[in-house]
Amino acid sequence: MIILYLFVFILGLVIGSFLNVCIYRIPRGESIVNPPSHCTNCGTRLQPPDLVPVLSFLFLKGKCRYCGVKVSPRYAVVELVTALAFTMLFHRYGFSVYFPAAAYLTAILIVVFAIDLEHRIIPNGLVIAGLIGGAALTVYNVFHPVVIYGDRHWWNPLLGIAVGSGFLFVVAVISVFIYKSDEAMGMGDVKIFAPIGIFLGWRMTAVALFLSVVTAGIAGLLLMLKSMKNRKATFPFGPFIALSSYIVLLWGWDILVWYLKRL
Ligand SMILES: [Zn+2]
């Protein structure tokens, strides 16, 4: 069994390495397949020994082997986070079809987290990639109901889109009227909840939405207390959506049951 976990962990490291390419290139409008990996400072094409996840970073002491420029620790962090995230999903879902499905959504969420944090955008390509995977899961659900949905209705994942994106779209429209600006809620946040809605089904999407609003609200309060002078300080919502959705993949039903018992 331990060897399976190790395999999933290494798979996570390798996919995390690819996610790094996505995180760097997608906001810059570059292709994620061409050219092959190169140093972003000196342009030297990286060789296999330079590309081993985490280990290359450690052995090269966080520097480019060719020009010596410092490499952001983000690369190793994203690889490790992806590996850990995949391993926990495997622990949760084992050999069910939902393991690759949850891992697919998680990979997209990690890219959303990193890009929105740095660039304050959620690129459409990520939404589309999510919808393609989600379409496959929706079709699968017709024949073999997906457990996380909580029922056997074929329309459950579609209602998930309405619950997630629909709710945020209404919030966005209202905030345009109140603040006379469309900056309050990014359309990227609205759109990314479409694939999340499909992958989680409507009940778990509601939990993910609730968690992301609550955690972002707490973060907003802390930010206001910390920087009273700078009331205009804003932060991206995407990282909260990504983290909340991943937590729901692992413990969504436990959270829902716990919450309903307290009512
Ligand atoms: Zn270099």
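Residues numbered from 1 in each chain as written. Predicted model: local features only at pLDDT ≥ 70, side-chain atom pairs only at ≥ 80, totals over all residues. Heavy atoms only, no water.

### Remarks on the overall build of the protein chain
- If you tally the helices and strands in the protein chain, you get eight helices and zero strands.
- For the protein chain, the sequential pattern of α-helices and β-strands runs α-α-α-α-α-α-α-α.
- What you see for the protein chain is a C-alpha radius of gyration of 20 Å, in line with the 18 Å of a compact globule of 263 residues.
- Overall, the C-alpha framework of the protein chain stretches about 60 × 55 × 35 Å when taken along its three principal axes. (Helix = DSSP H or I, 4+ residues; strand = E, 2+ residues; numbered from the N terminus. Rg over C-alpha atoms; globule rule 2.2 N^0.38 Å.)

### Let's talk about unusual backbone geometry
- Along the chain, Asn-34 connects to Pro-35 via a cis peptide bond; the corresponding omega equals -10 degrees.
- With a phi close to 60 degrees, Arg-120 is a non-glycine residue in the positive phi region.
- Positionally, Arg-120 belongs in the loop between helix 4 (98–119) and helix 5 (124–143).

### A look at the coordination of the zinc ion
- Bound to the zinc ion are the protein donor atoms Cys-39 (SG), Cys-42 (SG), Cys-64 (SG) and Cys-67 (SG), situated 2.3 Å from the metal.
- Coordination at the zinc ion is tetrahedral: its four donor atoms span angles of 103 to 118 degrees at the metal.
- Coordination of the zinc ion draws on donor residues from a single chain, spaced C-x2-C-x21-C-x2-C in sequence. (Donors = N, O, S within 2.8 Å, 3.2 Å for Na, K, Ca; no water. Tetrahedral: all angles 85-135°; square planar, octahedral: opposite > 155°, others 65-115°.)

### A word on the environment of Ile-15
- Structurally, Ile-15 can be placed in helix 1 (residues 2–25).
- Overall, the relative accessible area of 28% leaves Ile-15 in the partly exposed class.
- When the C-alpha atoms of Ile-15 and Met-187 are compared, they prove to be 28 Å apart, with 172 residues separating the residues in sequence.
- Residues contacting Ile-15, with those up to four places away along its chain left out, are Thr-82 and Phe-86. (Buried < 20%, exposed > 50% of the residue type's maximum accessible area, 1.4 Å probe, protein only. Contact = heavy atoms within 4.5 Å.)

### Here we look at the layout of surface pockets
- Approximately 670 Å³ is the volume attributed to the second largest pocket.
- For the lining of the second largest pocket, the elements supplying multiple residues, two or more each, are helix 1, helix 2 (55–59) and helix 3 (74–93).
- Among the elements that make up the lining of the second largest pocket, the one with the highest residue count is helix 1 (five residues).
- Of the residues in the lining of the second largest pocket, the class split is 16 nonpolar, nine polar and seven charged. (1 Å grid on protein atoms, 1.4 Å probe; cavity = no way out; pocket = protein on both sides within 12 Å on 5 of 7 lines; lining within 4 Å. Points joined across faces, edges and corners; volume = space filled by probe spheres on them. Nonpolar A, V, L, I, M, F, W, Y, C, P; charged D, E, K, R; others polar.)

### Here's the deal with the packing of aromatic side chains
- Under the defined criterion, the tally for this structure stands at seven aromatic pairs.
- Between Tyr-104 and Phe-199, the ring centres sit 6.2 Å apart and the planes meet at 25 degrees, which makes this aromatic pair stacked. Remark: Phe-199 occurs in helix 7 (residues 187–226) and Tyr-104 occurs in helix 4; sequence separation between them is 95 residues.
- Residue Phe-199 is classed as buried on the basis of its relative accessible area of 1%.
- Each member of the aromatic cluster is reached from another via a ring pair, and the members are Tyr-5, Phe-90, Phe-95 and Phe-99.
- Geometry around Tyr-24 places Arg-28 over its ring, the cationic atom sitting 3.8 Å from the centre.
- The lysine or arginine in question, Arg-92, covers the ring of Tyr-93, its NZ or CZ lying 4.6 Å from the ring centre. (Phe/Tyr/Trp six-rings, centres within 6.5 Å; stacked < 30°, edge-to-face > 60°. Lys NZ or Arg CZ within 6 Å of the ring centre and 35° of its normal.)

### Observations concerning the domain arrangement of the protein chain
- Parsing the protein chain into structural domains produces domain 1 (1–95) and domain 2 (105–263).
- The contact between domain 1 and domain 2 buries some 1300 Å² in all, and 76% of this surface belongs to carbon and sulfur atoms.
- Counting the surface domain 1 buries against domain 2, the share from its top three residues, Ile-23, Pro-27 and Leu-89, is 31%.
- Seen at the junction of domain 1 and domain 2, the total is one salt bridge.
- Between Glu-118 and Arg-74 there is a salt bridge, with its nearest N and O atoms 2.9 Å apart.
- Run the count over domain 1 and domain 2 and you get four residue pairs in polar contact (both at pLDDT 80 or more).
- Of all the secondary-structure elements, those providing two or more residues to the side of domain 1 that touches domain 2 are helix 1 and helix 3.
- Top element by residues in the side of domain 1 that touches domain 2 is helix 3. It accounts for eleven residues.
- Of the residues contributing to the side of domain 1 that touches domain 2, the split by class is 13 nonpolar, one polar and three charged. (Domains from an automatic or database assignment. Buried area = accessible area lost by both parts, 1.4 Å probe. Salt bridge = Lys/Arg side-chain N within 4 Å of Asp/Glu carboxyl O. Polar contact = N/O pair within 3.5 Å; in protein donor to acceptor, adjacent residues only side chain to side chain.)

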